[in-house]
Amino acid sequence: MVLNTKVWIVQDKESATASYAQEAGEALRQAADIVRQGGLIAFPTETVYGLGANALNTEAVAGIFQAKGRPSDNPLIVHVASETDLDGLVLPYPPLAGRLMKRFWPGPLTIVLPVRPDVLSPLVTANLRTVGIRMPDHPVALELIKLAGCPVAAPSANRSGRPSPTLAAHVMEDLSGRIDGILDGGATGVGLESTVVELEGERGIRILRPGGVTEEALRLAFPDAEIVSEPETSAAPEKPRSPGMKYTHYAPKGELSIIQGQPEAVISYVNEQARQSKADGVATGILSFSERSSRYEADLVLDLGSESKPEEAAHRLYGALRQFDEAGIGRIWSEACRPEGIGDALMNRLVKAAGGMLIELDK
Ligand code: AMP
Ligand code: MG
């Protein structure tokens, strides 16, 4: 079924007039009605655009999986607008979870909590006994959830496997005709998804997915906690893996490799590879930090900003991956960054987007 996807502009305008505020308010009310009644609405958050549905309504939640083409065993994060929204959704949780909420909500931290049975749609939790919950730090997201009056299940608003959307235009690219509407609030902030944590005992915090709240920020806020980060892709140097092991996450259409090593070695390796690919008639792309972007030669060289500002790179990453797709780039090489601060989440997404193809030149 093809839907007529409505777009409402709700971004803050510098000279916001009373009539503009009224229009934005009306847009939010319409979108919230649609969510409450079982429709699908994409909305901006401080991380990436989310695709929201009423988390109590199984048909609505099934619509998310269908629109995205998402595998049904991947649970959805539930978004709330206040801590009291948790009442009735979850079972009693450790005090540390409450302290995390107080410190980091609203914000890019998803906390996995014991789910109260038979309240949320079982599709939300993929039949797990837990549910990931967060309170987004974005006025449009918060207002939408409040007006809808229900918990809102929302994964990123992209087709499954594609880079997450950081602009409403990215959502349109992937989901136009498949969802009821988009609240266009301009560019999202962090540009990468939330950090997902699980609690272990009274003091343990396990980071299941690095994201907008960094490990360092968690340690600083909770020096008494035992914080464990799943090492999975925290940029441990690895030999290139077989492309058959490709993850289907965050990926551009072209084949992406991440190259790690001394800057000069990376530059000559990448330029040589790009030359060869070009000779084979493949369009080439390079993703680099601005310190070195003028040193690369390819059909499209995109700049992630300065290496000293990984926040900027996080903000730009998904848009850049989509730009390579638009330009029809067949092979892409990306510089790596130190997995510190938000750089940890950045490397996690890059390595996944590359299907694990991380090439370590010094080894
Ligand atoms: P996305 O909606 O695409 O941002 O993905 C949601 C992420 O949260 C996935 O990595 C899920 O595996 C994770 N997640 C959601 N709910 C749970 C849960 N109950 N337990 C563990 N991880 C979860
Ligand atoms: Mg996603």
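Okay, so let's go over this structure. (Residues numbered from 1 in each chain as written. Chains lettered and ligands numbered in written order. Predicted model: local features only at pLDDT ≥ 70, side-chain atom pairs only at ≥ 80, totals over all residues. Heavy atoms only, no water.)

1. A closer look at the nonpolar core
Across soluble globular proteins, nonpolar side chains have a tendency to be buried as a group.
And then number 1: Among the nonpolar cores identified, the biggest contains 70 residues, and L51, L100, W105, I111, I179 and L183 are the most heavily contacted of them.
And then number 2: Counting residues per element, this core draws most heavily on helix α1 (residues 18-36), at seven residues.
And then number 3: Formed by 31 residues, the second largest nonpolar core is a distinct cluster that contains Y318, A320, M347 and M357. (Core = buried A, V, L, I, M, F, W, Y, C linked by side-chain atoms within 4.5 Å. Buried < 20%, exposed > 50% of the residue type's maximum accessible area, 1.4 Å probe, protein only. Helix = DSSP H or I, 4+ residues; strand = E, 2+ residues; numbered from the N terminus.)

2. With respect to the site of ligand 1
And then number 1: Close contacts around ligand 1 come from 14 residues, with R70, P75, T130, P155 and R209 the closest.
And then number 2: Separating an oxygen atom of ligand 1 from a side-chain N or O atom of R70 is a distance of 3.2 Å.
And then number 3: Side-chain polar atom of T130 to a nitrogen atom of ligand 1: 3.0 Å apart, as the coordinates give it.
And then number 4: Considering ligand 1 on its own, with 490 Å² of exposed area, one finds that the protein chains cover 80% of that surface.
And then number 5: When residues of the shell around ligand 1 are traced back to their parent elements, those giving at least two are β6 (130-134) and β10 (204-209).
And then number 6: The residue inventory of the shell around ligand 1, partitioned by class, reads eight nonpolar, four polar and two charged. (Near = heavy atom within 4 Å. Polar contact = N/O pair within 3.5 Å; in protein donor to acceptor, adjacent residues only side chain to side chain. Areas by Shrake-Rupley, 256 points an atom, 1.4 Å probe, with all protein chains shown as cover. Nonpolar A, V, L, I, M, F, W, Y, C, P; charged D, E, K, R; others polar.)

3. Quick word on the environment of G149
And then number 1: The topology assignment puts G149 in the loop between α5 (139-148) and β7 (152-153).
And then number 2: Accessibility expressed as a relative area gives 65% for G149, which makes it exposed.
And then number 3: Taking the C-alpha atoms as reference points, G149 and A32, separated by 117 residues in sequence, lie 8.2 Å from one another.

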